[in-house]
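Spelled out, the chains give:
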Amino acid sequence: MPFALLLALDAIACGALASYLYARDASPAARLCIGACTGFAILGLVGFILASFLGLTPVTLALTALVVAAPLLLLVRPEWRKRVGADIAAASSNARRALARPRGAEMWTLVFYLAAAVLFWFLFGRAMFERAGEIYTGVDNNLGDLPFHISIVTSFAHGDNFPPQDTEFAGVRLTYPFMVDFVTAMFVRAGASLQGAFFWQNFVLALSFTGLLRRWALKLTRDRMASFITPALVLLSGGFGWWRLLREWRANGAPLTTFLMHLPHDYTIGGADGLYKWGNALTTLLIPQRGLILGLPLALVVWTLWWEATSDDEGEKGETEKRGKEKEGRVAASAMRRGEGKRKRSRRQETLAEERAQSSSVESGASSASWLSSFSLSPFPLSPFPLPPSSRMRMMLGAGVVAGLLPLVHAHSFVVMMGMGGCLALLFRERWRAWAVFFGAALAVAVPQMLWATSGSAVHAETFFGWAFGWDSGQHNVVRFWLMNTGLFIPLLATALLWPVRAPVVGRRLLLFYLPFTLCFILPNLYKFSPYLWDNIKLLFYWWIASAPLVALLLARLWKERTLVARVTMAVALVLLTLAGSLDVWRVVSEASEQREFERDGIEFAELIKRETPPRSLILHAPTYNHPVFLTGRRSVMGYAGHLWTHGLKYGEREAAVKRIYAGGFEADSLLYSNAVDYVVVGPLERYASLGVNEAFFERYEKVGEVGAYRLYKTTRP
């Protein structure tokens, strides 16, 4: 475990240090968030390249840690040491002051991150947990995904899966973006437990995503309140599913507190009529779809750099000052109309001045790091290639490198980055040199990964595409479907975009920057981009993230109107926007839901397999989602058909062969030989999977061992 901890700290610290090359005004806390996601992505990519030649051994881990630590060489220069030291000292001072005398913005920031940390601690603690020697998940949507991700992790950690084959369909290349699971495998090989590696990686990346989401919203809106509201809108996303709770509670007759402690199902997804499909971001996406928990923060790093690199500093400053003066004039006039006294008007003007100062502090953050914007890296001997002296170019170069890490992390995220980047390059074509730097860097890093992943792939691409109007609405009216799934979000987004021109919520530049992200909503409502139509949400969710700051800005403006009606409207809207998602999160945290993944005998049987079989053995077992073989890292003849279908693999012929082998007919021996099967499992899952197991047939083979009702046979080839 200490080695695993050192490996993680090495990646985070060095990723944060490298951010000084391209993130000009990030705070120390933001740099840690950037360092967590970029450090883990680079750790995985470097580790995978080395492990492909050396295997995932202690030597590979040590060499990877050494390569990832390369940014430490930056500290050779006194300018870098001075800047980093000053940031660390300032962060320590701010932390001590916030803890000793919490007040104002510092207090709310501290409360925000403490609340997020507590929530993630309990939530991810339920994503995978052990009890009485068995493995469970407390997230219903994680039931099939957790064993799948475990199979990938163990294939690298215990199965020597290099070059990686599909863990549920041996013999074909693993095309599923596996980098987040490979990093988990590195931590397991470095001494962490499987459960601990999952938990700590998820916990750190969730905090990273939250911090970067708040920073992204603050950059876009220049509004501190909106930056706090945005993560709530994203992490507690949901629609009108809470209405089902009211109906069920009335029918149940139990006290509300009792009913809330035993919620029967989720309220953002599911239902007998199939109306609710959106799901909550935490329980439906970040926990089950593990690639997103690394892909999303990387995307936010890129978006923030785009926003900064395409800005016109003087123009933005003038626009901010103009908005501040207009707001001051409106508030002063309102105060005079109400006949308020001189003291109250003065207090409001002071508040406005403070808000303008907070807004301009984001804009002028570069001045606090002016040494960096004026320091040319071109002659720096530690750079692997000359960097352009322009701060804008450095930001776009950094954005390109970060975006280039995405293909093996989360392919959908990479598609979004390239698509949105292309649209923004057209809209902000006056920065064409900066965009050329971005695309050049992104493709230089990404293309080798893409070529490797697609070479020899068995994926049938035609299964990924087709017309599908209204996403996964089925027979439901599309307008009603989206209203019930997203609640007030779309109406409030439209209000923010269409607010009267005299005092718009969304400025012209922000509107222009946001415009391409509407395609992440429009296209998935017209076309499917995966065999499983619901997976279009991996594109739709990027529209939600891009839209959340605009909705948050509208809510913040309502609150600052300082009228009772406006503030009550804002509070009610915020509650309704997050209530359904909060119910789903609460259901997990309150331990109202749990599903057993692997029972005690199955886990012991998996240990027997690891002891008695070589790492790259091919094992035949029932094609189910939670077979104990997935705990061993060994290759499977065929796993869960649902996973294979969503990954674009055609499995019908192999599925028929599995059934014929277990039936023990005259062709069973030849099928075992032709499929190169090394071992066969006969256990409870095989007996209950309608395979018609002929146990007498397998008694002819050598029995390697058994645990409870599980038996492992070694095949004898002619």
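Residues numbered from 1 in each chain as written. Predicted model: local features only at pLDDT ≥ 70, side-chain atom pairs only at ≥ 80, totals over all residues. Heavy atoms only, no water.

Participant: Help me understand the overall build of the protein chain, please; the structure alone is not making it clear to me.
Facilitator: Along the protein chain, the regular secondary structure elements total 32 helices and 10 strands. Scored against the burial criterion, the 718 residues of the protein chain give a buried share of 54%. Here the analysis covers contacts within the protein chain between residues at least 6 apart in sequence; of these, 75% occur between residues at least 24 apart. Within the structure as shown, the protein chain displays about 29,900 Å² of accessible surface, and the carbon and sulfur contribution to it stands at 64%. (Helix = DSSP H or I, 4+ residues; strand = E, 2+ residues; numbered from the N terminus. Buried < 20%, exposed > 50% of the residue type's maximum accessible area, 1.4 Å probe, protein only. Contact = heavy atoms within 4.5 Å. Areas by Shrake-Rupley, 256 points an atom, 1.4 Å probe, with all protein chains shown as cover.)

Participant: Explain the sheet that holds strand β2 (residues 134-137) here, please?
Facilitator: Sheets are built from strands paired through backbone hydrogen bonds, the pairs being either parallel or antiparallel. The antiparallel open sheet is built from three strands, whose spatial order is β1-β2-β5. The two strands at the open ends of the sheet, each matched to only one other strand, are β1 (129-131) and β5 (595-598). Taken pair by pair, the neighbouring strands of this sheet meet at an average axis angle of 45°, ignoring direction. Bridge analysis of β1 against β2 gives three bridges, and the strand direction is antiparallel. In the sheet register, Glu 130 faces β2, and the bridge partner there is Ile 135. Set on the sheet, helix α6 (residues 145-157) makes contact with β2 and β5; between it and β5 the angle comes to about 25°. (Pairing = 2+ DSSP bridges. Axes fitted to C-alpha atoms, helices over the stretch in contact; angles between N-to-C directions.)

Participant: Is there a simple way to think about the environment of Gly 238 in this case?
Facilitator: In this structure, Gly 238 sits in the loop between α9 (224-235) and α10 (242-252). Placed 249 residues apart in sequence, Gly 238 and Gly 487 show a C-alpha to C-alpha distance of 7.0 Å. Not counting chain neighbours up to four residues away, the residues in contact with Gly 238 comprise Thr 268, Asn 485, Thr 486, Gly 487, Trp 544, Leu 577, Ala 580 and Gly 581.

Participant: Help me out: how do you make sense of the pattern of salt bridges in this one?
Facilitator: When their charged atoms lie close together, side chains carrying opposite charge are able to pair. Taken as a whole and assessed by the stated rule, the structure comprises 22 salt bridges. Here Asp 266 and Arg 587 are joined by a salt bridge, their closest N and O atoms 3.1 Å apart. With Asp 266 in the loop between α11 (256-260) and α12 (281-286) and Arg 587 in helix α26 (residues 564-589), this pair connects stretches of sequence that are 321 residues apart. Note that Arg 687 is salt-bridged to Glu 695, the shortest N-O span being 2.8 Å. Using a relative accessible area of 29% as the deciding quantity, one classes Glu 695 as partly exposed. Residues participating in the shared-partner salt-bridge network are Arg 687, Glu 695, Lys 703, Glu 706 and Arg 711. (Salt bridge = Lys/Arg side-chain N within 4 Å of Asp/Glu carboxyl O.)

Participant: Sorry, what's going on with empty space enclosed by the protein here?
Facilitator: Counted according to the given criterion, the structure contains five cavities of 30 Å³ or more. Computed from the structure, the second largest cavity encloses a volume of approximately 70 Å³. Ala 127, Met 128, Leu 146, Phe 198 and Asn 202 are the residues nearest the centre of the second largest cavity, which is lined by 13 residues in total. Sorting the residues of the lining of the second largest cavity by element identifies α6 and α8 (194-221) as the ones contributing at least two each. Looking at the lining of the second largest cavity residue by residue, the class counts come to seven nonpolar, four polar and two charged. (1 Å grid on protein atoms, 1.4 Å probe; cavity = no way out; pocket = protein on both sides within 12 Å on 5 of 7 lines; lining within 4 Å. Points joined across faces, edges and corners; volume = space filled by probe spheres on them. Nonpolar A, V, L, I, M, F, W, Y, C, P; charged D, E, K, R; others polar.)

Participant: Quick question: what am I supposed to make of the pairing of strand β10 (residues 710-714) here?
Facilitator: Look at any regular strand and the pattern is simple: side chains alternate between the two faces of the sheet. In this sheet, β10 lies alongside strand β8 (residues 679-682) in antiparallel orientation, the contact comprising four bridges. By the bridge assignment, Val 680 is partnered in β10 with Tyr 713. Taken together, the five bridges between strand β9 (residues 702-707) and β10 define a ladder with antiparallel strand orientation. Residue Lys 703 lies in a different strand from β10, and its bridge partner there is Tyr 713.

Participant: Can you help me understand the packing of helix α2 (residues 28-54) against α8 in this one?
Facilitator: Packed helices, taken two at a time, are described by their axes: the angle between them and the distance between them. The contact between α2 and α8 brings their axes to 8 Å, and the two run at 130°. If you check the angle between α2 and α8, you find them oblique. With respect to the hand of their crossing, α2 and α8 are arranged in left-handed fashion. From α2, Ala 30, Cys 33, Ile 34, Ala 36, Cys 37 and Phe 40 reach across to α8, where they touch Gln 201, Val 204, Leu 205, Leu 207, Ser 208, Gly 211, Leu 212 and Arg 215. Considered class by class, the residues forming the contact of α2 with α8 number 10 nonpolar, three polar and one charged. (Parallel < 35°, antiparallel > 145°, perpendicular 65-115°, else oblique. Left-handed = near helix turned anticlockwise from the far one by under 90°.)

Participant: Would you take a moment to explain the side chain of Arg 126 for this structure?
Facilitator: Mapped onto the fold, Arg 126 is located in the loop between α5 (104-125) and β1. Those residues in contact with Arg 126 that lie beyond four places of it in its chain are Thr 137, Gly 138, Val 139, Val 588, Glu 591, Ser 593 and Glu 594.

Participant: Explain the confidence of the model for the protein chain here, please?
Facilitator: Any region with low pLDDT has predicted coordinates that should not be read closely. Confidence along the protein chain averages 87 in pLDDT terms, with 88% of residues attaining 70 or more. Of all the helices and strands in the protein chain, helix α17 (residues 370-373) carries the lowest mean pLDDT, 31, while helix α7 (residues 179-189) carries the highest, 98. Within the model, pLDDT remains below 50 along residues 314-389, and this stretch shows 79 contacts once partners closer than five positions in the same chain are excluded. (pLDDT = per-residue confidence, 0-100.)

Participant: Please explain unusual backbone geometry as it appears in this structure.
Facilitator: Note: most residues except glycine have negative phi, and most peptide bonds are trans. Put simply, Phe 162 and Pro 163 share a cis peptide bond, and its omega is -10°. Inspection of the secondary structure puts Pro 163 in the loop between α6 and α7. Of note in this structure, Arg 222 is not a glycine but carries a positive phi near 55°. Residue placement: Arg 222 occurs in the loop between α8 and α9. A relative accessible area of 10% places Arg 222 in the buried class.

Participant: What exactly am I supposed to notice about the nonpolar core here?
Facilitator: It is characteristic of soluble globular proteins that their nonpolar side chains tend to be buried jointly. One finds Phe 156, Phe 182, Phe 187, Trp 303, Trp 306, Met 417 and Phe 438 to be the most contacted residues of the largest nonpolar core, which totals 173 residues. With 26 residues, the next largest nonpolar core counts Ala 622, Val 658, Tyr 662 and Tyr 701 among its residues. (Core = buried A, V, L, I, M, F, W, Y, C linked by side-chain atoms within 4.5 Å.)

Participant: Sorry if this is basic, but what is going on with helix α13 (residues 290-309) here?
Facilitator: It helps to recall that an α-helix has 3.6 residues per turn; residues three or four apart then point in one direction. Helix length check: α13, at 20 residues, gives a terminal C-alpha distance of 30 Å against a target of 28 Å (1.5 Å per residue), a fit within 8%. Burial within α13 is extensive, with 20 of its 20 residues counted as buried. (Expected span 1.5 Å × (residues − 1).)

Participant: Would you mind going over the sheet that holds β10 with me for this structure?
Facilitator: Taking strand neighbours across the sheet as the criterion, the five strands line up as β7-β6-β8-β10-β9 in an open arrangement whose pairing is mixed. The open sheet is flanked by β7 (635-636) and β9, the only strands paired with a single partner.

Participant: For this particular structure, what's the right way to read the state of the cysteines?
Facilitator: As used here, a disulfide is simply a covalent bond connecting the sulfur atoms of two cysteines. Applying the stated criterion to the full structure yields zero disulfides. Free of any disulfide, Cys 520 has its nearest cysteine sulfur in Cys 423, 8.8 Å distant. (Disulfide = S-S within 2.5 Å.)

Participant: I'm lost on helix α18 (residues 391-404) in this one. Help?
Facilitator: When the terminal C-alpha atoms of α18 are compared, their 20 Å separation across 14 residues agrees well with the 20 Å that a helix rising 1.5 Å per residue should span. The element α18 is extensively covered by neighbouring structure, given that 12 of its 14 residues are classed as buried.

Participant: Is there a simple way to explain a nonpolar patch on the surface in this structure?
Facilitator: Judged by side-chain polarity, Ile 49, Phe 53, Leu 54, Val 59, Leu 63 and Leu 66 come together as a nonpolar surface patch covering roughly 640 Å² of accessible area. Tracing the chain through its elements places Leu 54 in helix α2. (Patch = residues over 30% accessible without salt bridge, like charges linked within 9 Å, V, L, I, M, F, W, Y side chains within 5 Å.)

Participant: Would you mind showing me how to read the environment of Pro 531 here?
Facilitator: Positionally, Pro 531 belongs in the loop between β4 (527-528) and α25 (537-560). Counting along the chain gives 114 residues from Pro 531 to Trp 645, while the straight-line C-alpha distance between them is 7.0 Å. Sequence-distant contacts of Pro 531, that is, excluding residues within four places in its chain, are made with Thr 463, Phe 464, Trp 645, Thr 646 and Gly 648.

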